[in-house]
Amino acid sequence: MRLATKFVAGAASVITMSLLGLSGAQAQDQTHIGGELNRGGYLVQYSNYRTHTYTGPIVLDLYDNTATYTRLGLRDTANDQFTRTNQWNGTGTQTFRLHDGSTTIPSGKRFAFNGRMGEARWWQDNTWAGHLTY
């Protein structure tokens, strides 16, 4: 019975991906993310790690920015930032790039965010939010 359940669930996901025009290697995860940054401009290292599910870009569409600007980069489990830092002065979509300029990030790469904002007064907004595709 357990094997049959797994087969049906697996077949359903293949059918869903086929209907969407995606193969398993191209399936992307999407999530709403956000955080709070230090108003003094100091580095914040977020502790929530995600696994990149396909070989290709990681994209963030920022729809809520801090009062100044938001700077974000991706770091690996060794705490090394492996992408360039992206800066949002408003809202919009940006793709994370490796230090060599490539946007091709390998499948299985684990990552978390590093973030900073420009200095702000204590009453100014220090939160950001967006849609992450990875």
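1. Details of the packing of aromatic side chains
Here the structure, examined in full by the defined rule, presents seven aromatic pairs. With centroids separated by 6.3 Å and ring planes inclined at 75°, the aromatic side chains of Phe 111 and Phe 113 adopt a geometry described as edge-to-face. Taking relative accessible area as the criterion, Phe 113 reaches 3% and is therefore assigned buried. When the centroid spacing of 5.8 Å and the interplanar angle of 90° are considered together, the rings of Trp 122 and Trp 123 count as edge-to-face. Trp 123 shares its class with Trp 122; the two are exposed. Cluster of aromatic residues (ring-pair linked, three or more members): Tyr 46, Trp 88, Phe 96, Phe 111, Phe 113, Trp 128 and Tyr 134. One Lys or Arg, Lys 109, reaches over the ring of Phe 82 and ends 4.5 Å from the middle of that ring.

2. Here we look at unusual backbone geometry
Non-glycine residue Asn 79 carries a positive phi angle of around 70°. Within the secondary structure layout, Asn 79 lies in the loop between β5 (70-75) and β6 (86-88). Given the relative accessible area of 45%, Asn 79 is considered partly exposed.

3. Quick look at the nonpolar core
Judged by nonpolar contacts, the single largest core of 21 residues is most densely connected at Ile 58, Leu 60, Phe 96, Phe 111, Phe 113, Trp 128 and Leu 132. Every element with two or more residues in this core is listed here: β4 (59-64), β5, β8 (110-117) and β9 (127-133). Tallying contributions element by element places β8 first for this core, with three residues. With residues near it in sequence (within four places) discarded, Trp 128 still touches Ile 33, Gly 34, Gly 35, Glu 36, Leu 37, Tyr 46, Leu 60, Leu 62, Asp 64, Thr 66, Thr 70 and Leu 72.

4. Some remarks on the confidence of the model for the chain
Here the chain shows a mean pLDDT of 85. Residues at 70 or above account for 80%. A low-confidence stretch, residues 1-25 (pLDDT under 50), is modelled with eight contacts involving residues beyond four sequence positions or located in other chains.

5. Here we look at the pattern of salt bridges
Under the defined criterion, the tally for this structure stands at one salt bridge. Notably, a salt bridge pairs Lys 109 with Asp 76, separated by 3.8 Å at the nearest N-O pair. Of this pair, Lys 109 sits in the loop between β7 (92-95) and β8 while Asp 76 sits in the loop between β5 and β6, and the two are 33 residues apart along the sequence. By relative accessible area, which is 24% here, Lys 109 ends up partly exposed. Given a relative accessible area of 13%, Asp 76 falls into the buried group.

6. Observations concerning the pairing of β8
When you tally the buried positions in β8, you get six out of eight residues, the bulk of the element. Pairing geometry for strand β2 (residues 44-45) and β8, over two bridges, is antiparallel. Among the inter-strand pairings, Gln 45 is bridged to a residue of β8, identified as Asn 114. Here strand β3 (residues 50-51) runs beside β8; their pairing, made up of two bridges, is antiparallel. Bridged to Thr 51 within β8 is Arg 110. In this structure, β5 lies alongside β8, joined through six bridges in antiparallel fashion. Within β8, the position partnered with Thr 70 by the bridge is Met 117.

Conventions we followed
- Residues numbered from 1 in each chain as written.
- Predicted model: local features only at pLDDT ≥ 70, side-chain atom pairs only at ≥ 80, totals over all residues.
- Heavy atoms only, no water.
- Phe/Tyr/Trp six-rings, centres within 6.5 Å; stacked < 30°, edge-to-face > 60°.
- Buried < 20%, exposed > 50% of the residue type's maximum accessible area, 1.4 Å probe, protein only.
- Lys NZ or Arg CZ within 6 Å of the ring centre and 35° of its normal.
- Helix = DSSP H or I, 4+ residues; strand = E, 2+ residues; numbered from the N terminus.
- Core = buried A, V, L, I, M, F, W, Y, C linked by side-chain atoms within 4.5 Å.
- Contact = heavy atoms within 4.5 Å.
- pLDDT = per-residue confidence, 0-100.
- Salt bridge = Lys/Arg side-chain N within 4 Å of Asp/Glu carboxyl O.
- Pairing = 2+ DSSP bridges.

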